[in-house]
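# What the coordinates show
So you can see what is in the structure, the chains are spelled out below.
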Amino acid sequence: MALKTLIFVCFLVAAMALVAPMAEAQLGGLISGLLGLIKIQGTLFCTVDGSMGVNGTATPVFPNALVQLQCGGNVVSSSTTNASGVFSILLDPLQFLLPSLLDNCNLAVKTPLSNCNATLPSVGGLFSSLQVLGNTLIGLLNITNLGPTGFGLLQP
């Protein structure tokens, strides 16, 4: 009887060793979703294409600009640039799938460029698609960093 019990226990241990990696892989996606964020961040400059000019640091930034994340034509989140022209949008990865964000969403600057420089157009807006910039791991928190691919002026 003891031999049957020993064989049974060895069989259970072997079965658990085979099943545990599969369970961990399946739970890993759930846990990373629960302990993760998607961060969209960038700096907006006061230029026709929203990027740093030839002079580098001499290019003025675009403060107090409304930056919207639009997916399928709907605004799903927004941010206002700070005094340094930086915007940041945080998203829950359980509500937004990364491939869908990259394929179906873009950033739209709704504040007219003429607000930061009177010589720039007062109609139209800046638009950019998104790109993955990398990941940041802080303890168990995994942050997927996205940014604009490059803004362009879209005239109405």
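Residues numbered from 1 in each chain as written. Predicted model: local features only at pLDDT ≥ 70, side-chain atom pairs only at ≥ 80, totals over all residues. Heavy atoms only, no water.

### Concerning the overall build of the protein chain
When you go through the protein chain residue by residue, the secondary structure sums to two helices and eight strands. Shown N-terminal to C-terminal, the secondary structure of the protein chain runs as helices and strands in the order α-β-β-β-β-α-β-β-β-β. Across the 156 residues that make up the protein chain, the buried fraction comes to 30%. Residue pairs at least 24 apart in sequence account for 56% of intrachain contacts in the protein chain once pairs closer than 6 positions are excluded. With the model as given, the accessible surface of the protein chain reaches about 9400 Å², and the carbon-plus-sulfur share is 64%. (Helix = DSSP H or I, 4+ residues; strand = E, 2+ residues; numbered from the N terminus. Buried < 20%, exposed > 50% of the residue type's maximum accessible area, 1.4 Å probe, protein only. Contact = heavy atoms within 4.5 Å. Areas by Shrake-Rupley, 256 points an atom, 1.4 Å probe, with all protein chains shown as cover.)

### Side note on the nonpolar core
Counting 23 residues, the largest nonpolar core has I40, L44, L69, L91, L101, L107 and V109 as the members making the most contacts within it. Where this core is concerned, the elements lending two or more residues are β1 (36-43), β2 (66-71), β4 (86-91), β5 (105-109) and β6 (125-138). Leaving out residues up to four positions away in the same chain, I40 has contacts with L69, F87, S88, I89, L91, L107, L130 and L146. (Core = buried A, V, L, I, M, F, W, Y, C linked by side-chain atoms within 4.5 Å.)

### Concerning the confidence of the model for the protein chain
Averaged over every residue, the pLDDT of the protein chain is 82; residues scoring 70 or more account for 76%. Across residues 15-30 the pLDDT falls below 50, and counting only partners more than four positions away or on other chains, this stretch makes zero contacts in the model. (pLDDT = per-residue confidence, 0-100.)

### Observations concerning the side chain of S128
Looking at where S128 falls in the secondary structure, it is placed in strand β6. From its side chain, S128 meets the backbone nitrogen of G150 in a polar contact 3.2 Å long. Residues within four places of S128 in sequence aside, it is in contact with N106, L107, P148, T149, G150 and F151. (Polar contact = N/O pair within 3.5 Å; in protein donor to acceptor, adjacent residues only side chain to side chain.)

### A word on the pairing of β6
Along a regular strand, successive side chains alternate from one face of the sheet to the other. By the bridge criterion, four bridges tie β5 to β6 in an arrangement that is antiparallel. Looking at β6, one finds that A108 is bridged to F127. Strand direction decides the pairing type here: β6 and strand β8 (residues 152-154), joined by three bridges, are antiparallel. Each residue of the ladder has a partner; that of L126, found in β8, is L153. In terms of strand pairing, β6 meets strand β7 (residues 141-148) through eight bridges, oriented antiparallel. Bridging from a neighbouring strand, V132 pairs with L146 of β7. (Pairing = 2+ DSSP bridges.)

### As for unusual backbone geometry
Its identity is not glycine, yet N64 carries a phi of approximately 55°, on the positive side. Note on placement: N64 falls in the loop between β1 and β2.

### Here we look at the state of the cysteines
Note on terminology: a disulfide is the covalent bond linking the sulfur atoms of two cysteines. This model, assessed by the stated rule, comprises two disulfides. Here C46 is linked by a disulfide to C116, with a sulfur-sulfur distance of 1.9 Å. As the torsion about the S-S bond is roughly 90°, the C46-C116 disulfide counts as right-handed. Highlighted residues: C46 in the loop between β1 and β2 and C116 in the loop between β5 and β6, separated in sequence by 70 residues. The residue that forms a disulfide with C71 is C105, at a sulfur-sulfur distance of 1.9 Å. When the S-S torsion is 110°, as for the bridge of C71 with C105, the disulfide is right-handed. Residue C71 is found in strand β2, and its partner C105 is found in strand β5; the two are separated by 34 residues along the sequence. With respect to burial, C71 and C105 carry one shared label: buried. Once the bonded cysteines of the protein chain are numbered in order along the sequence, the disulfide links fall as 1-4, 2-3. (Disulfide = S-S within 2.5 Å.)

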